[in-house]
Amino acid sequence: MRVLIVEDEKRLAATLRDLMELSGYTADVSNDGESGLDNALSSIYDVIIMDVMLPRLSGFDAVRRLRAAGVSTPVLMLTARSEVSDKVEGLDCGADYYLTKPFEPRELTACVRALCRRQPELRSTDCLHCGDLQLDKASFTLSCGERSVRLSRKEYDLMELLMLNQHQIITKEMLLVKIWGYESDAEDNNVEVYISFLRKKLDHLRSRVKIKTIRMVGYCLEVPEDRPAEK
């Protein structure tokens with residue numbers, strides 16, 4: 001799961017990033033409203049933590065533009081402005097929750113977890129399924145029947161993204177940004193290496209699900225249809 005933090009106070013932004021990473025999320029930081037909006041419009045994030053008082057573009061305006069563009073990523077407004085009118089404006093502009101500073105770290109992480117659960121793919125279960133595969137989000141375990149294997153963090157993030165979008169092609173560019181982040185210097189070869197790791201694990205599990213390469217584009221999961229029983 002990837003979180004975008006839009007906060008101009010750099011020490012607080014670093015604290016928020018550490019808090020998110022300790023909670024098991026991957027976090028990116030933007031220090032002004034315009035760059036935060038630009039990153040948010042990519043739709044690669046599962047949750048956005050947005051300050052209100054930002055340089056170049058306020059958090060309220062950034063969320064309005066985000067919603068006007070059709071991006072439905074949950075937004076947690078984090079701000080020192082605690083008046084009821086400010087909370088109402090934040091919610092009316094499209095935010096999903098409003099938390100005032102100073103905040104309790106446990107409350108913040110609980111809010112983020114609650115917003116993550118609103119994602120339709122993640123609402124009802126702690127496991128993802130695709131064909132004969134099951135991915136346990138708590139233990140990073142990929143299973144097929146009686147066989148199972150523990151994934152590294154990057155392997156898990158990659159497999160989760162493929163399973164959440166199992167009917168779509170995921171480009172290499174999307175994988176790089178979603179898993180390694182905007183600021184990473186990772187290249188296509190990094191994606192190819194981890195795809196190779198996952199393919200070996202699928203072979204070890206004897207899964208019928210395969211990772212298909214779409215030449216010059218990216219990857220998708222290939223799930224064979226169940227054969228009808230012979231009469």
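Data block above holds the structure.
Residues numbered from 1 in each chain as written. Predicted model: local features only at pLDDT ≥ 70, side-chain atom pairs only at ≥ 80, totals over all residues. Heavy atoms only, no water.

(A) Seen up close, the sheet that holds strand β10 (residues 170–171). In spatial order, the strands read β10-β12-β11; together these three strands make up an open sheet with antiparallel pairing. Across the chains shown, the open sheet's two edge strands, defined by having one partner strand only, are β10 and β11 (210–214). The pairing of β11 with strand β12 (residues 218–222) spans five bridges and is classified as antiparallel. Following the sheet pairing, K212 is matched in β12 by C220. In this fold helix α8 (residues 188–205) packs onto β11 and β12, with an angle of close to 150 degrees to the strand it touches most, β11. (Pairing = 2+ DSSP bridges. Helix = DSSP H or I, 4+ residues; strand = E, 2+ residues; numbered from the N terminus. Contact = heavy atoms within 4.5 Å. Axes fitted to C-alpha atoms, helices over the stretch in contact; angles between N-to-C directions.)

(B) The arrangement of the packing of helix α2 (residues 33–40) against helix α3 (residues 59–68) in detail. Interaxial distance between α2 and α3 falls to 10 Å at its minimum, and their mutual angle equals 25 degrees. What the angle tells us is that α2 and α3 run roughly parallel. For α2 against α3, the interelement crossing comes out right-handed. Residues G33, L37 and A40 of α2 form the contact with α3, whose participating residues are A62, R65 and L66. Here the contact of α2 with α3 is built from residues that sort into four nonpolar, one polar and one charged. (Parallel < 35°, antiparallel > 145°, perpendicular 65-115°, else oblique. Left-handed = near helix turned anticlockwise from the far one by under 90°. Nonpolar A, V, L, I, M, F, W, Y, C, P; charged D, E, K, R; others polar.)

(C) Local environment of the pairing of strand β8 (residues 141–144). Neither face of β8 is exposed, since T141 and S143 on one face and L142 and C144 on the opposite face are all buried. Counting the residues that bridge the hairpin from strand β7 (residues 133–136) to β8 gives four residues, and of these F140 lies at a positive phi of roughly 60 degrees. Bridge analysis of β8 against strand β9 (residues 147–150) gives four bridges, and the strand direction is antiparallel. Bridging from a neighbouring strand, S143 pairs with S148 of β9. Count of turn residues in the β8/β9 antiparallel hairpin: two residues, of which G145 carries a positive phi of about 60 degrees. (Buried < 20%, exposed > 50% of the residue type's maximum accessible area, 1.4 Å probe, protein only.)

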